[in-house]
Amino acid sequence: MPSFVRKAREIGKALARIDGIDVGPDPPQVAMVHAFVRGELERVRDAALEIAKDRRTLIAGFVVPTPLPNVQRTELGIGVPSLDVPTDEIAELYAELVSRSAATSRRSARGASTRASGERAARRPPTTRR
């Protein structure tokens, strides 16, 4: 467990240096890092899915809103596979998340993110009406 906490602290330190990401708590106290990403919720989610497709790496299994406007939260659980991934590579992927979220913002103003929103809607389970 101590190696997982050390890795979480390394990752937290690297992510905290990225403009557009905050880490809490800083430093992480357990084998998990909460990353707070600035950006509109759907844009951050779309960017995370784009990275998963393009880089074949899922960096955020979920992105949820926080009470703060335009700040979303995700978390990284640190386990055995995480120890093999260089911290710089993880930071690079999160910097790409911030960059793509901002780029998506510009595209969506022109309506280009409609496809991603449609794909997300297609993945949602059907609702049951009463």
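Quick caveat: nothing in here was measured; it's all calculated off a predicted structure.

Each value, and the rule that gives it
- Residues numbered from 1 in each chain as written.
- Predicted model: local features only at pLDDT ≥ 70, side-chain atom pairs only at ≥ 80, totals over all residues.
- Heavy atoms only, no water.
- Helix = DSSP H or I, 4+ residues; strand = E, 2+ residues; numbered from the N terminus.
- Buried < 20%, exposed > 50% of the residue type's maximum accessible area, 1.4 Å probe, protein only.
- Contact = heavy atoms within 4.5 Å.
- Areas by Shrake-Rupley, 256 points an atom, 1.4 Å probe, with all protein chains shown as cover.
- Salt bridge = Lys/Arg side-chain N within 4 Å of Asp/Glu carboxyl O.
- Expected span 1.5 Å × (residues − 1).
- Pairing = 2+ DSSP bridges.
- Polar contact = N/O pair within 3.5 Å; in protein donor to acceptor, adjacent residues only side chain to side chain.

Below, the discussion takes up the overall build of the protein. Helix and strand counts for the protein stand at five helices and four strands. Helices and strands appear in the protein in the N-to-C order α-β-β-α-β-β-α-α-α. Here the protein, with 130 residues, has 39% of them falling under the buried criterion. Put simply, 64% of the contacts in the protein that link residues at least 6 apart link residues at least 24 apart. Carbon and sulfur atoms make up 55% of the accessible area of the protein, which amounts to about 8,000 Å² in all.

Bringing the pattern of salt bridges into the picture now. A complete count under the given rule lists nine salt bridges for this structure. The closest approach of N and O atoms between aspartate 19 and arginine 38, which form a salt bridge, is 3.8 Å. Here aspartate 19, found in the loop between helix 1 (2-16) and strand 1 (21-24), pairs with arginine 38, found in strand 2 (residues 32-38); they are 19 residues apart in sequence, far enough to count as distant. Owing to a relative accessible area of 66%, aspartate 19 belongs among the exposed residues under this scheme. Look at arginine 38 and you get partly exposed, because its relative accessible area is 38%. Three or more residues are tied together by salt bridges with common partners; here these are Glu50, Asp54, Arg55, Glu92, Glu96 and Arg100.

Taking 1.5 Å as the rise per residue, helix 2 (residues 41-55) with 15 residues should run 21 Å; its terminal C-alpha atoms sit 21 Å apart, in good agreement. At the C-terminal side of helix 2, arginine 56 shows a positive phi close to 55°.

Turning our attention to the sheet that holds strand 4 (residues 71-77). The strand order 1-2-4-3 describes an open sheet built from four strands, whose pairing is antiparallel. Strands at the two margins of the open sheet, each flanked by one partner only, are strand 1 and strand 3 (64-65). Where strand 3 meets strand 4, two bridges bridge the pair, whose relative direction is antiparallel. Bridge pairing in strand 4 links proline 65 to glutamine 72.

A few words on the pairing of strand 2. What you see with strand 2 is a clean split: Val33, Ala35 and Val37 sit on the buried side and Met32, His34, Phe36 and Arg38 on the side with no burial. Where strand 1 lies against strand 2, four bridges are found, and the strand directions are antiparallel. Bridge assignment links isoleucine 21 to a residue of strand 2, and that residue is valine 37. In this sheet, strand 4 lies alongside strand 2 in antiparallel orientation, the contact comprising seven bridges. By the bridge assignment, methionine 32 is partnered in strand 4 with glycine 77.

The topology assignment puts glutamine 72 in strand 4. Note: C-alpha distance between glutamine 72 and isoleucine 21 (51 residues apart in sequence) is 9.5 Å. Those residues within four positions of glutamine 72 in sequence are excluded, and the remaining contacts are Ala35, Phe36, Val37, Gly39, Glu40, Leu41, Val44, Val63, Val64, Pro65 and Thr66. A polar contact is formed between the side chain of glutamine 72 and the backbone oxygen of glycine 39, at a distance of 2.7 Å.

A few words now on the environment of aspartate 88. Of note, aspartate 88 is situated in helix 4 (residues 87-109). Through-space distance from the C-alpha of aspartate 88 to that of leucine 15 is 9.3 Å; in sequence the pair is 73 residues apart.

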